[in-house]
Amino acid sequence: MTNHTAEMPTWVPVTLRLAAIYNLIWGTFIVLFPKVPFGWLGIDAPNYPSITQCLGMVIGVYGIGYWIAASDAATHWPIILVGLLGKLFGPIGFIYTASRGELPWKMGLTILANDVAWWLPFTAILIHAARICEACRSTADGLTLEQALYSANLKDGQNLFDRSFQSALLLVCVRHSGCTFCRETLSDLANKRDEVDRAGLTPVIVSMGSNEQTALLLTQSGLSDLDYVSDPDRRLYRALELPFGTLGQVIGVIPLWRAMIEGTVFRYGFGRIVGSALQLSGTFVIRNGRVEQAVRHKTSSERTDFAKLSCEVA
């Protein structure tokens, strides 16, 4: 098994070991002194301290898992994912219970350190792990662009490689179909179809969804006449060197600004994730099996200027 520690930022194992130490100390403390935290908060301790001690045992066991994951976060990402889910569902359960008056709200103070404080670092670690795993998969696949184009079939059964010798292709590789920026991209393309057609380009949409899902998405975008390729394994994405994004590239300041402040999400909506939420998008002009123009987006919210690209090709 390959160890990916050298590919991870140095803060990742440090963070996981800190999480491990915190959980082990806090868990052990809860097991030994189950009533003390309630006294700190001025709350009556439960009549059955063994229940609290069981919770402390679980917290400590998580600490052991985090210490193991620190040795290679990319390999042991399921441990981190389970930990993050626990840190998400725990506060949800607390809010529900406290809203019903079954627990005092002041107990939520412990959630800030036990759960909320770890949301961002654990999410960032999982994204780093996904990027490393994707890079390993790309190396293992080893498909050249020609091979990827040849293996991608259009609705009529013809592959992209052969079609590119008949007409210059405008290959639009979109993000997952639930992404508001994916829908924006298709809307931009629909608005610039005249320029694209005049440039002699044949638009083809590449999606991570199934044929049925992609066809529905195009119909909703007013592009039902376009051809498309379903690429759930992302072979074309990798052959065209479209990487997974970082946390900042996918849901950072710029994407959030465009989605919320500029109102993209209100205009185009969002839906269920189909494919990888980390996959970045791009647009390519393919002629005679080769890339003539390439626009690789650096954030999830970046847009392709289809009119400008068409003018450069024409």
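Below: a short report on this structure. None of these values were measured; they are calculated from a predicted model.

1. Comments concerning the packing of helix H3 (residues 49-70) against helix H4 (residues 77-99)
Alright, step 1. Put simply, H3 and H4 touch, their axes get as near as 9 Å, and they point 140° apart. Classified by the angle between their axes, H3 and H4 sit oblique to one another. In this structure, H3 crosses over H4, and the sense of that crossing is left-handed. Every residue of H4 that contacts H3 at Tyr-62, Gly-65, Tyr-66, Ile-68 and Ala-69 is listed here: Ile-79, Ile-80, Val-82, Gly-83 and Lys-87.
Alright, step 2. By residue class, the composition of the contact of H3 with H4 is seven nonpolar, two polar and one charged.

2. Comments concerning the environment of Cys-54
Alright, step 1. Structurally, the position occupied by Cys-54 is in helix H3.
Alright, step 2. Distance in space between the C-alpha atoms of Cys-54 and Ile-30 is 8.8 Å, their sequence separation being 24 residues.

3. Side note on the environment of Cys-179
Alright, step 1. Here Cys-179 is to be found in the loop between strand E1 (168-173) and helix H9 (180-191).
Alright, step 2. Here the alpha-carbon distance between Cys-179 and Arg-287, two residues 108 residues apart in the chain, equals 29 Å.

4. Concerning the side chain of Thr-185
Alright, step 1. Looking at where Thr-185 falls in the secondary structure, it is placed in helix H9.
Alright, step 2. Not counting residues within four places of it along the chain, the set of residues in contact with Thr-185 comprises Val-172, Val-174 and Phe-306.

Scoring rules and cut-offs
Counting restarts for each chain, with residues numbered from 1 along the sequence as it is written. Under the rules for a predicted model, residues below a pLDDT of 70 receive no local features and side-chain atom pairs below 80 are neither given nor counted, while totals for whole chains, interfaces and linings still include all residues. With hydrogens and water set aside, each side-chain value is computed from the structure's full complement of heavy atoms. Orientation is described by axes fitted as lines to C-alpha atoms, over the contacting stretch for helices, and by angles from 0 to 180 degrees between their N-to-C directions. A run of DSSP states H or I qualifies as a helix once it reaches four residues; a run of E qualifies as a strand once it reaches two. Both are numbered from the N-terminal end. An angle below 35 degrees is read as roughly parallel, one above 145 as roughly antiparallel, one from 65 to 115 as roughly perpendicular, and any other as oblique. The handedness criterion is simple: a crossing whose near helix is rotated anticlockwise from the far helix by less than a right angle is left-handed, and one whose near helix is rotated clockwise is right-handed. Here, residues are in contact when the closest pair of their heavy atoms is within 4.5 Å. For this scheme, ten residues count as nonpolar: Ala, Val, Leu, Ile, Met, Phe, Trp, Tyr, Cys and Pro. Four count as charged, namely Asp, Glu, Lys and Arg, and the remainder, Gly too, count as polar.

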